[in-house]
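Observations on the three-dimensional arrangement
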Amino acid sequence: AILGPTPFASGEVRDVPFQLPVPSLGPPTFDGTEVRVDWEVRLSVDIPGFDPALAMPVRVLQPTALLRAGVVDVAEFALYPEAAVEADGLRGTIALDPVPMCVGAPFSGHLTLAAGEARTVQEVRLEIRVEVEATVSGGRSETITAWSGVLAGAGSFGGATGAGSFGGAAAGGGAVGDGAAVTIAFQGTLPDRPLPTIRTPHGRADAKVHVVVAVARARDPHLARDVAICSTTEV
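Predicted model only: the values in this text are computed from it and were never measured.

With that settled, the discussion passes to the pattern of salt bridges. Under the definition given, this model contains 16 salt bridges. Here E40 and R42 are joined by a salt bridge, their closest N and O atoms 2.4 Å apart. Among the ionic pairs, D73 bridges to R199, the shortest N-O distance being 3.1 Å. Of this pair, D73 sits in the loop between α1 (64-68) and β3 (82-87) while R199 sits in strand β14 (residues 198-200), and the two are 126 residues apart along the sequence. Residue D73 is classed as partly exposed on the basis of its relative accessible area of 41%. When salt bridges that share partners are traced, they join D31, R36, D38 and R193 into one network.

This is how it looks when you write it as structure tokens:
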């Protein structure tokens, strides 16, 4: 209750300050289909007869502190600045800054790749995917691609020297070979869509960074690492 018994004159406008605490563990706002969390503030006026009411949607944020403190469990390497990746004869590391990532905020990083045999690729692209799962009996899942960008165009790398040569990079940065591996820098900005790492009684959402090495007439290798996503870095 923000007001007790109170008369209102016809046409009267009154400002009533109030504080409304948000539950400390949320869960935060999440914009999914199989798992969705919406919050709203409701105001009702208790009068004789039908009680009028108003509602306004609000956004509850997932702070970095909850992820770093382990209050929300995340994958083992989700908060590591750099993590090793390996798939289909490719190996390397994916480094990210910052971790956790934040919705609506910029990020940067670099991909280091090495291959035992020479490879010709069509492009190298990076995708940040949020994997959502309803954890009830018969619950469904979905994958939301939060961000996607081409890191490098057609080129080749690997073999005896490991040196690489790629076309232009659409996601910023570029490719540099050091004789043992090729390093591709990248940068981008996550959209301001509420897709944080969450846990609810009926669902969960986790994020992964996928590097897709596109090759002709063959299955595209996917190198993936876990990452956590917050809604705000202010607390």
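Having seen the structure, we can now continue with the description.
What follows is about a nonpolar patch on the surface. A contiguous nonpolar patch, built from I2, L3, F8, F18, L20, L43, V45, I47 and L54 and spanning about 860 Å² of accessible area, is present on the exposed surface. Mapped onto the fold, L3 is located in the segment before β1 (39-44). Judged by its relative accessible area of 38%, L3 is partly exposed.

What counts and how
- Residues numbered from 1 in each chain as written.
- Predicted model: local features only at pLDDT ≥ 70, side-chain atom pairs only at ≥ 80, totals over all residues.
- Heavy atoms only, no water.
- Salt bridge = Lys/Arg side-chain N within 4 Å of Asp/Glu carboxyl O.
- Helix = DSSP H or I, 4+ residues; strand = E, 2+ residues; numbered from the N terminus.
- Buried < 20%, exposed > 50% of the residue type's maximum accessible area, 1.4 Å probe, protein only.
- Patch = residues over 30% accessible without salt bridge, like charges linked within 9 Å, V, L, I, M, F, W, Y side chains within 5 Å.
- Areas by Shrake-Rupley, 256 points an atom, 1.4 Å probe, with all protein chains shown as cover.

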